[in-house]
Amino acid sequence: MHPPRPRTGTDAGLRATMPCPGGPGMMGGMPPDPDPDAHVAPDLPPLTIPVVFGRALRRRCPVCGGGGIFRRWLHLVERCPTCGFRFERIEGHWLGSLAVNSVASFGILLLVLVVAFAASYPDPSIPVLLGVTVGAAIFLPPFLFPYSKTTWTAADLIARPLTPDDLVDPRYWPPQRPPRRR
Ligand SMILES: [Zn+2]
């Protein structure tokens, strides 16, 4: 009698044990990558919320993390000098950044006022409180201006992921997140 033939399980397992017909350089049983140019920069992380907002809070391009996107403090360049991403993706894009700036400025202003009041309690000085409040109201909006632009662009990227219309240099396309199962 012949001994029973060992079972190899799946076809993939069988192929993995067979010599590769394509030569020593190929991996046996592995289908070729359908688009080898899809991920030219495999080290780039996917554009997740922590990634894009982390870059935005460092005043960097949310898409590629590149710097040099501001000329002086207030002027954002039209396109990222690293990846070519155009920050104003649609007309009216910056209205959202104004809202971010207003909410953040008022929030911090209120916090400053409460802290100043608590620090001087029970004998708060009205001129001091007024000076602190007016000073914060003057300096906070321009200080937060670049951050409000980058964070709003980051939020927009999360809501509307990159498309080919964004004309980002393909070398900086991040790997795609796997699609969610429904
Ligand atoms: Zn960029």
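Residues numbered from 1 in each chain as written. Predicted model: local features only at pLDDT ≥ 70, side-chain atom pairs only at ≥ 80, totals over all residues.

- Naming follows an unreviewed UniProt entry, where the chain appears as DUF983 domain-containing protein of Actinomarinicola tropica.

1. So, the environment of isoleucine 138
- Mapped onto the secondary structure, isoleucine 138 falls in helix α4 (residues 126-159).
- Each C-alpha atom, one on isoleucine 138 and one on serine 105, is 9.7 Å from the other, the two residues being 33 residues apart in sequence. (Helix = DSSP H or I, 4+ residues; strand = E, 2+ residues; numbered from the N terminus.)

2. Quick word on the confidence of the model for the chain
- On average, the chain scores 79 in pLDDT, and the residues at 70 or more come to 73%.
- Helix α2 (residues 49-56) holds the highest mean pLDDT among the elements of the chain, 96, whereas helix α1 (residues 11-17) holds the lowest, 37.
- Below a pLDDT of 50 lies the segment residues 1-40, which in the model reaches 14 contacts outside its immediate sequence neighbourhood of four places, other chains included. (pLDDT = per-residue confidence, 0-100. Contact = placed C-beta atoms within 7 Å.)

3. Focus: unusual backbone geometry
- At the junction of tyrosine 121 and proline 122, the peptide bond is cis and its omega measures out at 10° in the coordinates.
- Residue position: proline 122 is located in the loop between α3 (94-120) and α4.
- Located in the positive-phi region is leucine 167, a residue other than glycine, with phi close to 55°.
- Mapped onto the elements of the fold, leucine 167 is located in the segment after α4.

4. Points about the environment of aspartate 169
- Note on placement: aspartate 169 falls in the segment after α4.
- Separated by 84 residues in sequence, aspartate 169 and phenylalanine 85 place their C-alpha atoms 7.7 Å apart.
- Other than its neighbours up to four places away in sequence, aspartate 169 contacts Cys83 and Gly84.

5. Regarding the UniProt feature "transmembrane region" (unreviewed entry) in the chain
- UniProt marks residues 94-119 and 125-145 with the feature "transmembrane region" (unreviewed entry), using the numbering shown here.
- With 100% helix and 0% strand, the stretch residues 94-119 has end C-alpha atoms that lie 37 Å from each other.
- Each end of residues 125-145 is marked by a C-alpha atom, and these two atoms are 30 Å apart; helix forms 95% of the span and strand 0%. (UniProt positions renumbered as here; feature names shortened; annotations may be inferred.)

6. Overview of the nonpolar core
- Cys61, Val63, Cys80, Cys83 and Phe85 are the most contacted members of the largest nonpolar core, which has 16 residues in total.
- Looking at this core, the elements that each hand over two or more residues are α2 and α4.
- Sequence-distant contacts of cysteine 61, that is, excluding residues within four places in its chain, are made with Arg55, Gly66, Ile69, Cys80, Thr82, Cys83 and Phe85. (Core = buried A, V, L, I, M, F, W, Y, C linked by C-beta atoms within 7 Å. Buried ≥ 20, exposed ≤ 12 C-beta atoms within 10 Å, placed from the backbone.)

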